[in-house]
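Remarks on the overall topology
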4 protein chains.
Amino acid sequence: MAIGTRRDSGKRDAILRAAIQVIAETGYHHAQISRIARAAGVADGTVYLYFKNKEDLLLSILRESIGEVVHQLRQALLEERGATAKLRRIVEVYLGDLGRDAKLAMVTQVHLRQVDAEMRRQIGDIMKPFYHLLDDVIDEGIQEGVFSQEVGHRIARRMIFGTLDETVTAWVLSGSKYDLGALAPDIVRVLCYGISSREQVEEEV
Amino acid sequence: MAIGTRRDSGKRDAILRAAIQVIAETGYHHAQISRIARAAGVADGTVYLYFKNKEDLLLSILRESIGEVVHQLRQALLEERGATAKLRRIVEVYLGDLGRDAKLAMVTQVHLRQVDAEMRRQIGDIMKPFYHLLDDVIDEGIQEGVFSQEVGHRIARRMIFGTLDETVTAWVLSGSKYDLGALAPDIVRVLCYGISSREQVEEEV
Amino acid sequence: MAIGTRRDSGKRDAILRAAIQVIAETGYHHAQISRIARAAGVADGTVYLYFKNKEDLLLSILRESIGEVVHQLRQALLEERGATAKLRRIVEVYLGDLGRDAKLAMVTQVHLRQVDAEMRRQIGDIMKPFYHLLDDVIDEGIQEGVFSQEVGHRIARRMIFGTLDETVTAWVLSGSKYDLGALAPDIVRVLCYGISSREQVEEEV
Amino acid sequence: MAIGTRRDSGKRDAILRAAIQVIAETGYHHAQISRIARAAGVADGTVYLYFKNKEDLLLSILRESIGEVVHQLRQALLEERGATAKLRRIVEVYLGDLGRDAKLAMVTQVHLRQVDAEMRRQIGDIMKPFYHLLDDVIDEGIQEGVFSQEVGHRIARRMIFGTLDETVTAWVLSGSKYDLGALAPDIVRVLCYGISSREQVEEEV
DNA sequence: TATGAATGAGTTTTCATTCAT
DNA sequence: GATGAATGAAAACTCATTCAT
């Protein structure tokens, strides 16, 4: 995503790209710094000129990719009116972005999880802007009256994020063979209306 | 859950229980076999009389706990009529069981993920019976006309599992302070009807 | 010295002896654990069953050799009457012991010093019993009236220890070619009467 | 001492001073060239314009400071008549100079020793002029009849140097809190007459 | 069955030194 | 003379697993 699109510090980008490549192939614990360095065309020590340590390198991948998603989302949401439209856009951008970079998705969905408690906390911090974005849209929907106020913020957010996460992980683990972005409309529908049929809902109404 | 309820081979159970304890405390990678053995009151080598290796020990924890959940669910679902009631029961039992054993939940939700791609595949295999159970209930709901046939099986299953998973993980990471089982009704509602408000749905209908 | 004379834990002694050998040959910083292990006929990991780390291994060498010297000195001093006789015995045992094991002397006099401040503090702690022994003899001499009470404890102790240390170091660095123990009588005389000639002293008296 | 007193090549002096400062604070092995360079206000590479390598930098500190001591001693000894007076002056200048620069003393007494055998040999070479100075005074004393000819040159020199060295090291390690130079008279007395009391000596005479 | 002493493979990180500018 | 980005060699320590008893 964002990584590598800027012109400055070519080596830093090269290392990040190489890291995604190598981690996607071999997993976090088997991704040796020396392999990443070789793939980036730099010496081992050069990695440490740009990243504090291996952990920092991994977190930088997440930070910059999720940062880019959040950045794109902020732009995109300016164009949308209404919480439902904004939620749709969130799902589209999230699945679209990850669906376009299977290697990055492999790293964030699978390998990034192979870390200890301390790193998980840091990952949580990095994800916060995305959570806040979701929360804001949920808030807006409740204000507008299009989202149920009976469903708590937290439950709504966890459903949305849990569904997206499970969807991307399943796509990655199955080999990234189908078009992930194409699932967006169905995902949005199920997030908004659940799995119940219309008839069922009408009856209850 | 299932672990320790049977009377045979007390050492095997002792080792499994010790493993859950030690992994919950220190994480998978820091959970040394020697520490687990000491906690179980056996020698290091004895662990290898009951489990092929450390990986097998970890998978056994998941296999037996998820196996017990599935077993309980099968019993429970016999008492329920209608797909919606069955889905409700699944959520109740799942959240109830994990909510009663925070250490086990910590292991399955957090530490179990810190493994490589090959183990992820095996975890998928272990989870299959649970997925099938979900699929059967979704099927039944579509037949009955209470679940929408427009929503695909896979998307429905991933939404349900993704939501449950994210809910349990959030509970574990926040310190298991509140009653997880108490969330079941809200979770069921959001799974069935989504986050949209009733008024919104009526309008659309 | 003490190392290897006891019958228990043959591997621990083997590792200590190998460490003295390898450190004497290559210096502390170049003495790789794997080389020490190979020289001792054990696996690398075995070293860590007996010693906490490389630093602990080095300190153990000093602790046990100086411990043995102090032990021998305590025994020997029981046989002596008078502070001068005791001082003579200290010098004899000290030079005699180190003079009999050039490799050990090389380690304690040269390589052991190549360590950081924290280890130096620990070395100081290990040397304390030896310093105390010196102090006790100096005290006794002053009581008896054979040692000058004008010379402070500390200065006396530093002269004695500084002279012994410099003597052993010079012997080691020159290749341990002569008989170190044979220097004892001259050393004792210079410690007691200094470098002044008798005539000079008489004149002043 | 000598460092920084000459007007030429300000950078060389700046680097030497910075090196003493940084080594005194962090120890030889932790004193990175980049830190020394930063403290001196020059680039890393600049250090190598003035010193062959890190080892050469360290040896230069010793060479120039001991060189200055020897130079001062040569001047001072011209003013003295008699071996005893000269020895007194040596002790005064040595303890006085080091006592005035605790950082430099820390480097020469503690950190400078943390080096390998090869550097030890070079350190020995640098110390030679000081040893020769001692030897000359001892010679003179024997000629004059004030120093005993029974005590060998080497033993006398090692006692003198060992005592001085141990005294300075103890001062440095205890935090340089007291006046080192003030110890000179007591040190001289103990070097000349040893630790024996006058009564004791008279009896023996 | 049970023990536990012994094994040995495997990798991040630092930092003195170089050299193109 | 001066810079500082880039280099790359080098080693301690952990811990899952084995196997003789």
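Small disclaimer: the values here were computed from a predicted structure and weren't measured.

**Structural notes on the overall build of chain A**
- Across its full length, chain A carries 10 helices and zero strands.
- Along chain A, from the amino end to the carboxyl end, the secondary structure elements read α-α-α-α-α-α-α-α-α-α.
- In terms of its C-alpha atoms, chain A occupies a principal-axis envelope of roughly 65 × 30 × 30 Å.
- In chain A, which comprises 205 residues, the proportion classed as buried is 41%.
- Long-range contacts, defined as pairs at least 24 residues apart, comprise 69% of the intrachain contacts of chain A with a sequence gap of at least 6.

**Considerations on the protein's contact with DNA strand E**
- Taken together, 32 residues lie around DNA strand E, and Ala 43 and Gly 45 of chain B, Ala 43 and Gly 45 of chain C together with Asn 53 of chain D are the ones closest in.
- Where the surface near DNA strand E is concerned, the elements lending two or more residues are α2 (33-40) and α3 (44-50) of chain A, α3 (44-50) of chain B, α3 (44-50) of chain C together with α2 (33-40) and α3 (44-50) of chain D.
- Taken together, the residues of the surface near DNA strand E break down into 10 nonpolar, 14 polar and eight charged.

**What to know about the interface of chain C and chain D**
- Every contact between the two is made by 44 residues of chain C and, on the other side, 42 residues of chain D.
- Elements with a minimum of two residues in the side of chain C that touches chain D: α8 (153-173), α9 (184-193) and α10 (198-204) of chain C.
- The dominant element in the side of chain C that touches chain D, judged by the number of residues it contributes, is α8 of chain C, at 12 residues.
- For the side of chain C that touches chain D, a count of residues per class yields 21 nonpolar, 13 polar and 10 charged.

**Focus on the relation of the copies chain A and chain B**
- Rotating chain A by 179 degrees and translating it 0.1 Å along the rotation axis places it on chain B, where the RMSD comes to 0.2 Å. Such a combination of rotation and displacement between the chain copies is what one expects of a two-fold axis.

**Re the nonpolar core**
- Judged by nonpolar contacts, the single largest core of 120 residues is most densely connected at Ala 19 of chain C together with Ala 19 of chain D.
- When residues in this core are grouped by element, the largest group, nine residues, is from helix α1 (residues 10-26) of chain C.
- If we skip the residues at most four places from it in the chain, Ala 19 of chain D touches Ile 36, Leu 57 and Ile 61 of chain D.
- Counting 119 residues, the second largest nonpolar core, distinct from the first, contains Ile 20 and Val 151 of chain A together with Leu 87 and Ile 160 of chain B.

**Considering the interface of chain A and chain B**
- Counting residues at the interface gives 44 residues for chain A, matched by 42 residues for chain B.
- Listing elements by their share of the side of chain A that touches chain B, those giving two or more residues are α8 (153-173), α9 (184-193) and α10 (198-204) of chain A.
- It is α8 of chain A that contributes the most residues to the side of chain A that touches chain B, 12 residues altogether.
- Class assignment for the residues of the side of chain A that touches chain B results in 21 nonpolar, 13 polar and 10 charged.

**Notes on the packing of α9 of chain C against helix α8 (residues 153-173) of chain D**
- Between α9 of chain C and α8 of chain D, whose axes approach to 11 Å, the crossing angle comes to 50 degrees. As summarised for this structure, α9 of chain C and α8 of chain D are arranged oblique, according to the angle between their axes. Between α9 of chain C and α8 of chain D the crossing geometry is right-handed. Each of Asp 186, Ile 187 and Val 190 of chain C in α9 of chain C lies in contact with α8 of chain D, whose residues at this interface are Ile 155, Ala 156 and Met 159 of chain D.
- Looking at the contact of α9 of chain C with α8 of chain D residue by residue, the class counts come to five nonpolar, no polar and one charged.

**Some thoughts on the protein's contact with DNA strand F**
- Close contacts around DNA strand F come from 32 residues, with Ala 43 and Gly 45 of chain A, Asn 53 of chain B together with Ala 43 and Gly 45 of chain D the closest.
- For the surface near DNA strand F, the per-class residue count stands at 10 nonpolar, 14 polar and eight charged.

**Looking at the environment of Arg 158 of chain D**
- When you line up the elements, Arg 158 of chain D lands in helix α8.
- Distance in space between the C-alpha atoms of Arg 158 of chain D and Tyr 131 of chain D is 9.2 Å, their sequence separation being 27 residues.

**Let's talk about the confidence of the model for chain A**
- Summing up the model confidence of chain A, the mean pLDDT is 89 and the portion of residues at 70 or higher is 95%.
- This stretch, residues 1-8 of chain A, has a pLDDT under 50; its non-local contacts, to residues over four places away or in other chains, come to 17 contacts.

**Let's talk about the relation of the copies chain C and chain D**
- Least-squares fitting of chain C to chain D yields an RMSD of 0.2 Å, with the superposition described by an axial translation of 0.1 Å and a rotation of 179 degrees.
- Same-surface contact between copies: 93% of interface residues of chain C are shared with the interface of chain D.

**Focus: the environment of Ser 34 of chain C**
- Within the element layout of this structure, Ser 34 of chain C appears in helix α2 (residues 33-40).
- Considered as a pair, Ser 34 of chain C and Arg 17 of chain C are 17 residues apart in the sequence and their alpha carbons are 14 Å apart.

**A look at helix α6 (residues 102-109) of chain B**
- For α6 of chain B, every residue scored as buried is listed here: Leu 104, Ala 105, Met 106, Val 107 and Thr 108 of chain B.
- On its buried face, α6 of chain B sits against α1 (10-26), α4 (54-78), α5 (83-100) and α8 (153-173) of chain B.

**What about unusual backbone geometry?**
Residue and element names in this part refer to chain A.
- Positive phi, normally seen in glycine, also occurs at Ser 176, with a value near 55 degrees.
- Note on placement: Ser 176 falls in the loop between α8 and α9.
- Residue Ser 176 is classed as partly exposed on the basis of its 17 C-beta neighbours within 10 Å.

**Brief notes about helix α7 (residues 117-144) of chain A**
All names here are of chain A.
- For α7, spanning 28 residues, the distance from its first C-alpha to its last is 39 Å, which sits close to the expected 40 Å at 1.5 Å a residue.
- The largest bend in α7 amounts to roughly 40 degrees and is located at Met 127, with the proline Pro 129 lying one to four residues further along.
- For α7, the set of buried residues is Leu 134, Val 137, Ile 138 and Gly 141.
- For α7, the secondary structure elements touched by its buried residues are α5 (83-100) and α8.
- The first or second residue beyond α7 is Gly 145, which carries a positive phi of 90 degrees.

Rules used throughout
- Residues numbered from 1 in each chain as written.
- Chains lettered and ligands numbered in written order.
- Predicted model: local features only at pLDDT ≥ 70, side-chain atom pairs only at ≥ 80, totals over all residues.
- Helix = DSSP H or I, 4+ residues; strand = E, 2+ residues; numbered from the N terminus.
- Buried ≥ 20, exposed ≤ 12 C-beta atoms within 10 Å, placed from the backbone.
- Contact = placed C-beta atoms within 7 Å.
- Near = placed C-beta within 6 Å.
- Nonpolar A, V, L, I, M, F, W, Y, C, P; charged D, E, K, R; others polar.
- Least-squares fit on C-alpha atoms with pLDDT ≥ 70 in both.
- Core = buried A, V, L, I, M, F, W, Y, C linked by C-beta atoms within 7 Å.
- Axes fitted to C-alpha atoms, helices over the stretch in contact; angles between N-to-C directions.
- Parallel < 35°, antiparallel > 145°, perpendicular 65-115°, else oblique.
- Left-handed = near helix turned anticlockwise from the far one by under 90°.
- pLDDT = per-residue confidence, 0-100.
- Expected span 1.5 Å × (residues − 1).
- Bend = angle between axes of the 7 residues up to and from the residue.

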